[in-house]
Amino acid sequence: MSDDHTHVQEFFTARAADWDSRFPDDGPAYAAAVSAMGLGVGDRVLDAGCGTGRALPPLRAAVGSSGTVIGADLTSAMLEVASQAGRGGEGALLLADVTALPLRTEALDAVFAAGLIAHLPEPSENLRELARVVRPGGTLALFHPIGRAALAARQGRQLTPEDLRAEPNLGPLLARSGWRMTSYADEPGHFLALAVREP
């Protein structure tokens with residue numbers, strides 16, 4: 001396992017138990033982001049880097065009982081919290097590295113990824129892996145429950161022109177990875193970039 005993966009696991013393992021209580025008001029932003037994806041009943045969707053599974057209930061509501069919802073995360077402690085919170089009933093919880101998913105090519109209709117891009121060791125290659133498991137025309141949602149500036153302030157850093165989530169950087173990055181960005185919103189209350197899987 002790479003140092004990047006070990007660092008991510010250590011970071012989130014240490015914070016898993018109180019993660020939800022630290023961010024108790026994020027639910028509406030998650031629900032709005034899922035709604036913006038335009039999922040249909042019966043769709044198959046992955047929450048990549050699902051953490052404690054906060055997106056799983058709105059994803060399940062969007063795809064209905066006939067749909068498939070999978071929450072994949074690298075950190076077992078986060079999945080344990082998701083299970084304890086009852087979110088395992090909303091979808092299958094999978095201990096997996098989203099940079100090498102144990103899923104068939106074009107198995108999914110959509111991927112939801114909250115806060116994931118900052119933790120990807122090779123963003124272009126890793127976004128290409130997400131594209132691999134989504135059918136052509138499927139959707140990717142890159143989300144964060146607060147905007148870039150608010151997140152930088154929370155983390156005690158300055159926004160830089162190199163920020164992957166900046167629109168001039170993210171569009172070309174997605175294009176190199178098999179996606180076409182269709183919308184971009186970076187507001188104090190949320191960050192959401194939507195993209196379509198290219199043929």
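What counts as what
Residues numbered from 1 in each chain as written. Predicted model: local features only at pLDDT ≥ 70, side-chain atom pairs only at ≥ 80, totals over all residues. Heavy atoms only, no water. Phe/Tyr/Trp six-rings, centres within 6.5 Å; stacked < 30°, edge-to-face > 60°. Helix = DSSP H or I, 4+ residues; strand = E, 2+ residues; numbered from the N terminus. Buried < 20%, exposed > 50% of the residue type's maximum accessible area, 1.4 Å probe, protein only. Salt bridge = Lys/Arg side-chain N within 4 Å of Asp/Glu carboxyl O.

Moving on to the packing of aromatic side chains. Applying the stated criterion to the full structure yields 4 aromatic pairs. Judged by centre distance (4.9 Å) and plane angle (70 degrees), the rings of Y30 and F143 are edge-to-face. Pair noted here: Y30 is in helix α3 (residues 27–36) and F143 is in strand β5 (residues 134–144), with a separation of 113 residues, a long-range link. Residue classification places F143 among the buried positions, given a relative accessible area of 3%. Judged by centre distance (5.4 Å) and plane angle (90 degrees), the rings of Y184 and F191 are edge-to-face. Relative accessible area serves as the criterion here: at 2%, F191 is assigned to the buried category.

Summed over the entire model, instances satisfying the criterion amount to 9 salt bridges. Among the ionic pairs, R132 bridges to E129, the shortest N-O distance being 2.8 Å. Here R132 and its partner E129 are both found in helix α6 (residues 123–132), 3 residues apart, which amounts to about one turn of the helix. Assessed through its relative accessible area of 22%, R132 is described here as partly exposed. For R148, the salt bridge goes to D186, with nearest N and O atoms at 3.2 Å. Of the two residues, R148 is situated in helix α7 (residues 148–154) and D186 in strand β6 (residues 179–187); the sequence distance between them amounts to 38 residues. Judged by its relative accessible area of 30%, D186 falls in the partly exposed class. Salt bridges linked by common partners bring R148, D163, R165 and D186 together as one network.

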